[in-house]
Amino acid sequence: MSDLLSPAARKSAAQAEEPHVVVAEDEPLYESRREIYQQSVKGRLRTIKWAVLFICLGVYYFLPFLRWYRGPNQPDQAVLVDIANNRFYFFFIEIWPQEIYYFTGLLVMAALILFLMNAVAGRVWCGYLCPQTVWTDLFTTVERWVEGDRRERMIADSQPMSAAKAGRKVLKHVLWLMIAWWTGGAWVLYFADAPTLVKDLATFQAPAIAYIWIGILTFTTYALAGLMKEQVCLYMCPWPRIQAALTDQYALNVTYRYDRGEPRMSMKAAVKAREAEQPAGDCIDCRQCVVVCPTGVDIRDGAQLGCIQCGLCIDACNTVMTKVNRPLGLIAYDNDVNIDRRRQGLDEVYPIVRTRTVLYAAMIGAVGLVMLYGLMTRSFTDLSVLHDRNPLFVQLSDGSVRNSYTVRILNKRPLHRIFVLAVDDLPLARLTAVGVTMTSGDWPVIDIGPDSTREVIVHVTAAKPADLPASTRVTFRITELGSGEKVSVSDHFISR
């Protein structure tokens, strides 16, 4: 019987008998890029995206020029990463390199906020706040302003090159490069006084590293937001793959309500089907939800990696539903549970407050409170003591024992300060500081400049080492003259 079958039929039969065998002949190992001609759309969510875009770009581009007075001899830029002086300034907050744990806390909070956003509304970060989305939206707007909307761009690209077409292409890329250049320029302004650096850049007196970073960021912004666009979201960004493991059936996602939209058909066919009392969905297969999508996704095919949850398809669909006199919300923010509930005639549920969201919110609050407590109670003075290891102690001619230490005092205030250095918990102890001549009673007085650190070699001498154990806990204490602020740290005194 098999001899009577055609080669194609025999091949299909063999595959049916061995379903694990996959025959792939001349199949490409990659998918060629499809040019996406995004159409403009108006609506409530599009308005929200415009507002978010202007706020985010406004903050990014103009925040370096915002001033904040911190006192004499201090930078007055509100947000500044002062690498030369090892400082990070954020309005009234000043972070030192020793306080890098605050950045760790911010990163933890950022991750938890992202998890919370995902649990509430899916990839809402991707659709509205992601830098790739914001800049791509801006670049697409420029493209639409220069070359026209979807139909005009498609017609122009199908025609041969002309002077007018080349001029529009050149203008578009020039504007893209200008935006990318200002994006890179704004970034370096966070690392130096913005007005001064702008003047230096304009007069070619800025450091070479500034021009290098502007060039790097100009190229990356132009490439990612102008040339690659949706490819970044589809292939480069890891978040779409991560968030799938963090969501659940109650998360709000941009959803095509197929229980209402199917079976889809043209408007005329739907009218006839309803007149004949046959099933007809509200979807008229106009594809407006597809042409407005920045990644070219058809939301009617269900949840997909390419959907960034921007909601533009919701605005497009609502516009069509208004024109055909059908209820709005055929595409809407919804969860997976409600489709089954509507089929069963049950009320829709939107449990925003649930175990997952409460846990994320509690963790965000806990981390925030810990960081706030640390900021409110942190000291502007730091003291560290390092015991000399070679030798651990020295026996003097009079029988006393001396230990040497390196004392480092950190002054985080922009003022000149004077401290008295003393030791506690060591009876009849004497303390001398190398190179320090000022004293207050029996203790040396150490002066430290504003925003600086000073190291001092000190010798601690015990007059009666026989009365001490081999290792004695000793406390070093500094007290600021005037304010009386005290900081202490413990170490050990070795007597034998």
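The written sequence of each chain sets the order in which its residues are numbered from 1. In view of the model being predicted, local features appear only for residues whose pLDDT reaches at least 70, and side-chain atom pairs are presented and counted only at 80 or more, with totals across whole chains, interfaces and linings using the full set of residues. Working from all heavy atoms in the structure, the side-chain values ignore hydrogens and water.

S.K.: Sorry, what's going on with the overall build of the protein chain here?
M.R.: When helices and strands are tallied, the protein chain shows 17 helices and 15 strands. To get the radius of gyration, use the C-alpha atoms; to get the globule rule, take the number of residues to the power 0.38 and multiply by 2.2 Å. Relative to its length of 496 residues, the protein chain is extended, with a C-alpha radius of gyration of 34 Å against a globular reference of 23 Å. Here the C-alpha coordinates of the protein chain stretch approximately 115 × 60 × 55 Å along the principal axes. The buried label goes to any residue with under 20% of its type's maximum accessible area, the exposed label to any with over 50%, and the partly exposed label to all in between, with areas taken from a 1.4 Å probe on protein chains only. Looking at the protein chain residue by residue over its 496 residues, the buried ones come to 41%. Should any heavy atoms of two residues lie within 4.5 Å, those residues are counted as being in contact. Within the protein chain, residue pairs in contact and separated by at least 24 positions form 66% of the contacts whose partners lie at least 6 positions apart. The way it works is that DSSP assigns letters per residue, a run of H or I at least four long becomes a helix, a run of E at least two long becomes a strand, and they are numbered from the N terminus.

S.K.: Explanation requested: the pattern of salt bridges in the structure shown.
M.R.: When the charged atoms of two side chains lie near each other, side chains of opposite charge can form a pair. What makes a salt bridge here is a side-chain nitrogen of Lys or Arg within 4 Å of a carboxyl oxygen of Asp or Glu, nothing more. What the rule picks out here adds up to 31 salt bridges. Residue R87 is joined to D451 by a salt bridge in which the shortest nitrogen-to-oxygen separation is 3.7 Å. In this pair, R87 is assigned in strand β2 (residues 87-90) and D451 in the loop between β12 (443-448) and β13 (452-462), connecting sequence segments 364 residues apart. On the basis of relative accessibility, which here comes to 7%, the residue R87 falls in the buried class. Notably, a salt bridge pairs D149 with R144, separated by 3.4 Å at the nearest N-O pair. Here the salt bridges do not stand alone but share partners, grouping E143, E147, D157, K169, K172 and K229 into one network.

S.K.: Looking at this structure, I do not really get the confidence of the model for the protein chain. What am I missing?
M.R.: Detail in the predicted coordinates should be disregarded across regions flagged by low pLDDT. The share of residues in the protein chain with pLDDT of 70 or more is 94%, and the mean pLDDT across the chain is 87. The pLDDT value expresses, per residue, how confident the predictor is, ranging between 0 and 100. Taken together, the stretch residues 1-24 has pLDDT below 50 and engages in 6 contacts with residues farther than four places along the chain or on a different chain.

S.K.: Explanation requested: the environment of L112 in the structure shown.
M.R.: Relative to the helices and strands, L112 resides in helix α3 (residues 101-121). Exposure remark for L112: the relative accessible area of 7% places this residue in the buried category. Between the C-alpha atom of L112 and that of A362, which follows or precedes it by 250 residues, the distance is 9.9 Å. Excluding residues that lie within four positions of it along the chain, L112 makes contacts with Y360, M363, I364 and V367.

S.K.: Please explain the side chain of Q74 as it appears in this structure.
M.R.: Take Q74: it is sitting in the loop between α2 (44-62) and β1 (79-82). A relative accessible area of 14% means that Q74 is categorised as buried. Of note is the side chain of Q74, whose polar atom sits 2.9 Å from the side chain of D451. Setting aside residues no more than four positions away along its own chain, Q74 makes contact with Y89, E94, P414 and D451. Polar contacts, as counted here, are pairs of nitrogen or oxygen atoms within 3.5 Å of one another; within protein the pair requires one atom able to donate a hydrogen and one able to accept it, and residues that are adjacent in sequence qualify only if both atoms are side-chain atoms.

S.K.: How do you make sense of the pairing of strand β8 (residues 401-411) when you look at a structure like this?
M.R.: Consecutive residues of a regular strand have side chains that alternate between opposite faces of the sheet. Burial analysis of β8 places 9 of its 11 residues in the buried class, which makes it a mostly covered element. At least two bridges found by DSSP between two strands is the condition for calling them paired. The sheet contact formed by strand β6 (residues 381-387) and β8 spans 7 bridges and is antiparallel. Across the sheet, H387 pairs through a bridge with Y405, a residue of β8. When strand β7 (residues 394-395) meets β8, the two strands line up antiparallel, connected through 2 bridges. The partner of Q395 across the bridge, within β8, is V401.

S.K.: Teacher, can you tell me more about the side chain of D82 here?
M.R.: Within the secondary structure, D82 is located in strand β1. Excluding residues that lie within four positions of it along the chain, D82 makes contacts with R87 and Y89.

S.K.: It is not clear to me how the environment of R274 should be interpreted in this structure. Could you clarify?
M.R.: Relative to the helices and strands, R274 resides in helix α13 (residues 267-275). R274 has contacts with A280, G281, D282 and R326, leaving out every residue within four places of it along the chain. A distance of 3.3 Å separates polar atoms of two side chains, one belonging to R274 and the other to D282.

S.K.: How do you make sense of the sheet that holds β2 when you look at a structure like this?
M.R.: Strand pairing in a sheet is mediated by backbone hydrogen bonds. Such pairs are either parallel or antiparallel. Pairing in this open sheet of 3 strands is antiparallel, and the strands run β1-β2-β3 from one edge to the other. The sheet is open, and its two edges are formed by β1 and β3 (93-95), each paired on a single side. Shown here is a sheet whose adjacent strand axes are inclined to one another by a mean of 10°, direction ignored. In terms of strand pairing, β1 meets β2 through 4 bridges, oriented antiparallel. Bridged to D82 within β2 is R87. A fitted line through C-alpha atoms serves as each axis, taken over the contacting stretch for helices, and the angle formed by two N-to-C directions is quoted from 0 to 180°.

S.K.: Any chance you could explain the nonpolar core here in plain terms?
M.R.: In globular proteins that are soluble, nonpolar side chains generally tend to be buried together. Only buried residues count toward a nonpolar core. Its members are Ala, Val, Leu, Ile, Met, Phe, Trp, Tyr and Cys residues joined through side-chain atoms within 4.5 Å. By size, the foremost hydrophobic cluster in this structure holds 29 residues, and its most contacted members are L57, Y60, Y61, V79, W135, F139 and I179. Of all the secondary structure elements, the ones that give two or more residues to this core are α2, β3, α3, α5 (131-147), α7 (163-188), α9 (208-228) and α17 (355-377). If sequence neighbours within four positions are ignored, L57 has contacts with V134, W135 and L138. In terms of nonpolar packing, the next biggest core, distinct from the first, is built from 26 residues, V385, F419, L426 and V460 among them.

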